Amino acid sequence: MAKRKNKVGPVVAHFWIYVLLILLAILSILPFWIMFMNATRSTPEINANSLGLIPSKYLARNWNVIGTKSFNAMTGFINSMIISTGATALSVYFSSMTAYSIVAYRWKMRRAFFTFIMAVLMIPSQIISIGFYQMMYSVGMNNSFLPLIIPAIASPAVVFYMKQYMEPALPLEIVEAARIDGAGEFFTFNRIVIPIMKPAIATQAIFAFVQKWNELFVPSVLLTDVKKYTMPMMVSLLKGDIYKTEYGSVYLGLSLTVLPLFIVYFLLSKYIIAGVALGSVKG
Amino acid sequence: MNKKKGVSYAKWGYIFALPFCIAYLIFMIYPIFNTFSIGFTNMTDRLQMQIAQEEMMGIEPTVQVELLRDEEGNLTIFDNYKFVLTDPNFWSSLKNTCIIWGVNFAPQILLALVLAVWFTSTRNKIKGKGLFKVLFYMPNIITAATIAMLFTKLFDYNKGPVNDLLRMLGVIDSNIDFFSDEFASKAIVAFVQFWMWYGYTMIILISGILGISPELFEAADIDGANGWQKFRFVTLPNLKSIMLFTLVTSMIGGMTMFDIPYMVGGQGGIKGHIRTLSVYIFEMSFTGGKLYNRASAASMLVFVMIAVLAAIIFFMLRDKDEMARHKIEKAQTKAYKKMLKEEKAKGGVQ
């Protein structure tokens, strides 16, 4: 490695690099910081100065106010939890299964099938929302969670990732050995392949969960009953007139919708960043 | 690859791929065709309500969902498309989508590139890289709806921290009504998009740079290249395909941009300044008159645009090695068969 003789230049450059990095870091934190802090402040306090950087003592009051109105964090949380957990489980299990069918078996349509999966990788679900809504409406499934959960069985992006991971990670000799020992194909998949896929499943599960949790368009189309609202849909309720002067409560409501994500993120950030680096989530 | 072994188990390949295929057929292919065909009909919420009502009263339906026709009964199935394509709101939404996406993407890829080069540079070891990455990526994982709402509060006219801050710093005397201004409201949406995605792009580019063979950098070092030359002649050319990938995925994401503009602008997209294509479709189909037919036509137009972009990605993602292998295999089989044939023609002479 060639070391430069000029020491001053790099040091100065270094300084400005850090300045920019720290500014960007502040930019990432500040909006959320203001949100959390204002959640603990009262309306008069925010009226006087909305740029709250230190916590106040009105969290309980704001909590009480928010509880009396349409915004219901608990309902939103439970609904989002049901949908996200269900969809994530289906998505990772069946995507592994689909990837396994491509990697482990030599069937005629295999190549065409994988080509198809890559071709449809990027089709966003909102483009077909009208046809999807009409279909669900005609079978009376609007306002049901199932149309938000079951389609996760077919997640092309997850299949693509699982296939890329499985190819080098799964030695087919193991599958052969299991067959010789008399194991059925489903047994082999569930007991041997799935455990080998655990790291990939964990990564994909995080992303599938977060993506589902944050989804707004499709749930907004299907769910019209306030009792069925998901967390992101609850946010739109905070826009209503009933919260017009309850600034603190609005900030508290916003904080509640993202608190679970912050917890998940700071517990798993290492894996999430590594997962992004592998190109696992799509823009 | 042991062909013989594969054959007897081939049916299991179909069995394991079956759940995916069924789910995809029902929840994706059918809705696509459904959307496509609704675009040619007269289906609106009003029509559906009328049919349901008449059914409930037990009378013969006087109307039905059918292909569009004019008074003489001639098919006019492209009327919905005609309507959308002559709707100024459609064009302004397309324009808004492109502007907001472009204004967010240009600085995003630039900043991501600069950060990625810094973070992978062997010369200036930056401390706390891990923490910075975690913080820069953070906005990407937080619910977009919440972020949009948060920023409308932050830029609020009356009680917005941004206005308070600007007044405290003496930049302005009286509060600015950001969202009534076309430029400011577009800029805010673009900024939020930028802020949510530059960390993601940065991480993708970092992994791209780490994937470049270190030997190339070493060779450049030996040749006495400076930092800029290494970037210009080693990093940048080798990042080309990954940057194109980022560009196209971001474009597709941009075409369907919904959460931020919808939550910031609400219905109507504040005087249409930040109404994007997705907001346009959502408004048309699920609010007000619920014109499913026209919204379907608009959806299909967007679908075509995305399909073109997706085709680019597809040709990039194709496993080139595997394609090459497949080609060679095919050629070999062909040559082998030809040889057999010729031998047969020669009378099976060894």
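Residues numbered from 1 in each chain as written. Chains lettered and ligands numbered in written order. Predicted model: local features only at pLDDT ≥ 70, side-chain atom pairs only at ≥ 80, totals over all residues. Heavy atoms only, no water.

### Section: the overall build of chain A
Part 1 of the reasoning: Within chain A one finds 14 helices and zero strands.
Part 2 of the reasoning: Secondary structure elements in chain A, listed N-terminal to C-terminal, are α-α-α-α-α-α-α-α-α-α-α-α-α-α.
Part 3 of the reasoning: For 283 residues, the compact-globule estimate of 2.2 N^0.38 gives 19 Å, and chain A exceeds it by more than 25% at 24 Å.
Part 4 of the reasoning: With the principal axes as the frame, chain A shows a C-alpha extent of 75 × 75 × 35 Å.
Part 5 of the reasoning: Residues classed as buried in chain A amount to 54% of the 283 residues present.
Part 6 of the reasoning: Long-range pairs, those at least 24 residues apart, make up 72% of the contacts in chain A between residues at least 6 apart in sequence.
Part 7 of the reasoning: Looking at chain A as shown, the accessible area adds up to about 12600 Å², and 70% of this sits on carbon and sulfur atoms.
Part 8 of the reasoning: Distance between charge centres in chain A, computed from 23 positive and 10 negative side chains, equals 10 Å. (Helix = DSSP H or I, 4+ residues; strand = E, 2+ residues; numbered from the N terminus. Rg over C-alpha atoms; globule rule 2.2 N^0.38 Å. Buried < 20%, exposed > 50% of the residue type's maximum accessible area, 1.4 Å probe, protein only. Contact = heavy atoms within 4.5 Å. Areas by Shrake-Rupley, 256 points an atom, 1.4 Å probe, with all protein chains shown as cover. Lys, Arg positive; Asp, Glu negative; His and termini not counted. Charge placed at Lys NZ, Arg CZ, Asp CG, Glu CD.)

### Here we look at the nonpolar core
Part 1 of the reasoning: Core analysis: the biggest nonpolar cluster contains 183 residues, and A:Phe32, A:Tyr100, B:Phe136, B:Tyr137, B:Ile147 and B:Ile260 have the highest contact counts within it.
Part 2 of the reasoning: Residue contributions to this core peak at 16 residues, all from helix H8 (residues 182–210) of chain B. (Core = buried A, V, L, I, M, F, W, Y, C linked by side-chain atoms within 4.5 Å.)

### Focus on the domain arrangement of chain B
Part 1 of the reasoning: For chain B, the assigned domains read domain 1 (12–77) and domain 2 (87–290).
Part 2 of the reasoning: When each unit is reduced to the centre of its C-alpha atoms, the spacing between domain 1 of chain B and domain 2 of chain B is 38 Å. (Domains from an automatic or database assignment.)

### Some remarks on unusual backbone geometry
Part 1 of the reasoning: Backbone geometry at A:Asn143 places phi at a positive 65 degrees, although glycine is not the residue there.
Part 2 of the reasoning: Along the chain, A:Asn143 falls in the loop between helix H6 (129–138) and helix H7 (146–149).

### Quick notes on the packing of helix H5 (residues 110–119) of chain A against helix H8 (residues 156–169) of chain A
Residue and element names in this part refer to chain A.
Part 1 of the reasoning: At a minimum axis separation of 9 Å, H5 and H8 run at an interaxial angle of 125 degrees. Overall, the two elements H5 and H8 adopt an arrangement that is oblique. As H5 runs across H8, the sense of the crossing is left-handed. Listed contacts from H8 to Phe114, Ile117 and Met118 of H5 are Pro156, Val159, Phe160, Lys163 and Gln164.
Part 2 of the reasoning: Class assignment for the residues of the contact of H5 with H8 results in six nonpolar, one polar and one charged. (Axes fitted to C-alpha atoms, helices over the stretch in contact; angles between N-to-C directions. Parallel < 35°, antiparallel > 145°, perpendicular 65-115°, else oblique. Left-handed = near helix turned anticlockwise from the far one by under 90°. Nonpolar A, V, L, I, M, F, W, Y, C, P; charged D, E, K, R; others polar.)

### Observations regarding the domain arrangement of chain A
Part 1 of the reasoning: For chain A, the domain assignment lists domain 1 (8–66) and domain 2 (75–237).
Part 2 of the reasoning: For domain 1 of chain A versus domain 2 of chain A, the distance between C-alpha centres works out to 37 Å.

### Overview of helix H9 (residues 172–180) of chain A
Residues and elements named next belong to chain A.
Part 1 of the reasoning: Inspection of H9 places Val175, Ala178 and Arg179 among the buried residues, and these make up the whole buried set. Along the axis of H9, the buried positions cluster into a sector of 100 degrees, meaning they face one direction only. With respect to the buried face of H9, the exposed residues turned more than 90 degrees away are Glu173 and Ile180.
Part 2 of the reasoning: Positive backbone phi, at 90 degrees, marks Gly182, one or two positions downstream of H9. (Arc of directions from axis to C-beta.)

### Considering helix H5 (residues 129–141) of chain B
Part 1 of the reasoning: Between the first and last C-alpha of H5(B) there are 19 Å, a value that for 13 residues agrees with the 18 Å anticipated at 1.5 Å per step.
Part 2 of the reasoning: For H5(B), every residue scored as buried is listed here: B:Phe132, B:Val134, B:Leu135, B:Phe136, B:Tyr137, B:Met138, B:Pro139, B:Asn140 and B:Ile141. (Expected span 1.5 Å × (residues − 1).)

### A look at the side chain of B:Asp87
Residues and elements named next belong to chain B.
Part 1 of the reasoning: Summarising the element assignment, Asp87 is placed in the loop between helix H3 (79–85) and helix H4 (88–120).
Part 2 of the reasoning: The charged side chain of Asp87 is buried without a salt bridge, its nearest counter-charge being Arg275 at 7.4 Å.
Part 3 of the reasoning: Apart from the residues lying within four places of it in its own chain, the contact partners of Asp87 are Tyr280 and Met284. (Salt bridge = Lys/Arg side-chain N within 4 Å of Asp/Glu carboxyl O.)

### Quick word on the packing of helix H4 (residues 73–104) of chain A against helix H10 (residues 185–196) of chain A
All names here are of chain A.
Part 1 of the reasoning: Contact geometry for H4 and H10: axes closest at 12 Å, N-to-C directions at 110 degrees. Looking at the two axes, H4 sits roughly perpendicular to H10. Of H10, the residues touching H4 (which contributes Tyr93, Ser96, Met97 and Tyr100) are Phe186, Thr188, Phe189, Asn190, Val193 and Ile194.
Part 2 of the reasoning: Partitioned by chemical class, the residues of the contact of H4 with H10 number seven nonpolar, three polar and no charged.

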